[in-house]
Amino acid sequence: MKAIILSAGQGSRLGHLVDDQPKCLIDFNGRTLLDRQLDTLEANGVQQAVVVTGFHDELVNAAIAARKGGPNVRTIYNPFYKVADNLGSLFIAKHELEGECLVWNGDTLVSRSLMRQVVDYDCEGICVTIDRKDDGYDDDDMKVIEEGGRLTAIGKRIAQGVNAESIGLLAFRGGGSDQFREAIERAIRTPEGTTIWYLRVIHQVAQEADVWTLDIQGEEWGEVDFPADVEAACELTARWDAAEKAAAA
């Protein structure tokens, strides 16, 4: 299995934290967000990773070159990261969408046990990893409507019937990667193509074919979009680090 990590954006909602570096290089207890993603892949047997870069790509390349061990990593530069949304990053990397692969947002941290569920889940086609909330979903959540493990709608503007959210980690098996790549090709050629999220394409696919969901409720993960998220992610990763040390002792 191969992972495609979308790390082209600056993450401007994080303010001065990303003046001189992309959000994937923010440090969380001694390891960057990107390092933690790559380490999580390695711990679960994913030996290939493709990182789509953009803002300060030279820093990302240098950070990857300085790593010791881990997955075999290569980068693809998205020159349109300032003017196109993340569908543009996947269009640039579309030739990597083949066979068994993951697509992972570059601002999302997941526990190793969560990633294990995604890697082990034997579901042909397209699978969106979802979580549940007891207290409702806010405007920034990527909301999902699913029924019996099948996704029927996904998007931030869904108002009714929401029963899950996407965590920004998708798996493709069988013909799923080919199906997604073809849908990306069609979507990027529309008048709004450069302005939409790739999950909008998943929504469109789900209106015509099966798109599956994997419910990881109870597992730990975090998204880094705002300054408050950085503090929460530091606490989360510190807890993970402590558990890893305890397990190794």
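For the structure, see preceding data.
Here the structure is a predicted model, which is why all the values come from computation and not from measurement.

Trainee: So what's going on with unusual backbone geometry? Which residues, and what values?
Mentor: One non-glycine residue, Asn29, lies in the positive phi region at around 55 degrees. The residue Asn29 is located in the loop between β2 (27-28) and β3 (31-32) in this model. Under the relative-accessibility criterion, Asn29 is labelled partly exposed at 40%. At His56, a residue that is not glycine, the phi angle is positive and equals roughly 45 degrees. Looking at the element boundaries, His56 is found in the loop between β4 (48-53) and α2 (57-65).

Trainee: Account for the packing of helix α5 (residues 176-188) against helix α6 (residues 198-206), with residues named and values stated.
Mentor: At a minimum axis separation of 10 Å, α5 and α6 run at an interaxial angle of 110 degrees. Of the possible angle classes, the one that applies to α5 and α6 is roughly perpendicular. Relative to α6, the crossing made by α5 is right-handed. Along the contact surface, α5 presents Gln179, Phe180, Ala183, Ile184 and Ala187, while α6 presents Tyr198, Val201, Ile202, Gln204 and Val205.

Trainee: Talk me through the nonpolar core; I want residue IDs and the actual numbers.
Mentor: One finds Leu90, Phe180, Tyr198 and Ile202 to be the most contacted residues of the largest nonpolar core, which totals 37 residues. Element by element, the count of residues in this core is highest for α6, at six residues. Residue contacts for Ile202: discarding those within four places in its chain leaves Ile126, Val128, Ile154, Leu170, Phe180 and Val211. The next biggest cluster of nonpolar side chains, apart from the first, holds 27 residues, and it includes Ile5, Leu34, Leu41 and Val119.

Basis of the calculations
- Residues numbered from 1 in each chain as written.
- Predicted model: local features only at pLDDT ≥ 70, side-chain atom pairs only at ≥ 80, totals over all residues.
- Heavy atoms only, no water.
- Helix = DSSP H or I, 4+ residues; strand = E, 2+ residues; numbered from the N terminus.
- Buried < 20%, exposed > 50% of the residue type's maximum accessible area, 1.4 Å probe, protein only.
- Axes fitted to C-alpha atoms, helices over the stretch in contact; angles between N-to-C directions.
- Parallel < 35°, antiparallel > 145°, perpendicular 65-115°, else oblique.
- Left-handed = near helix turned anticlockwise from the far one by under 90°.
- Contact = heavy atoms within 4.5 Å.
- Core = buried A, V, L, I, M, F, W, Y, C linked by side-chain atoms within 4.5 Å.

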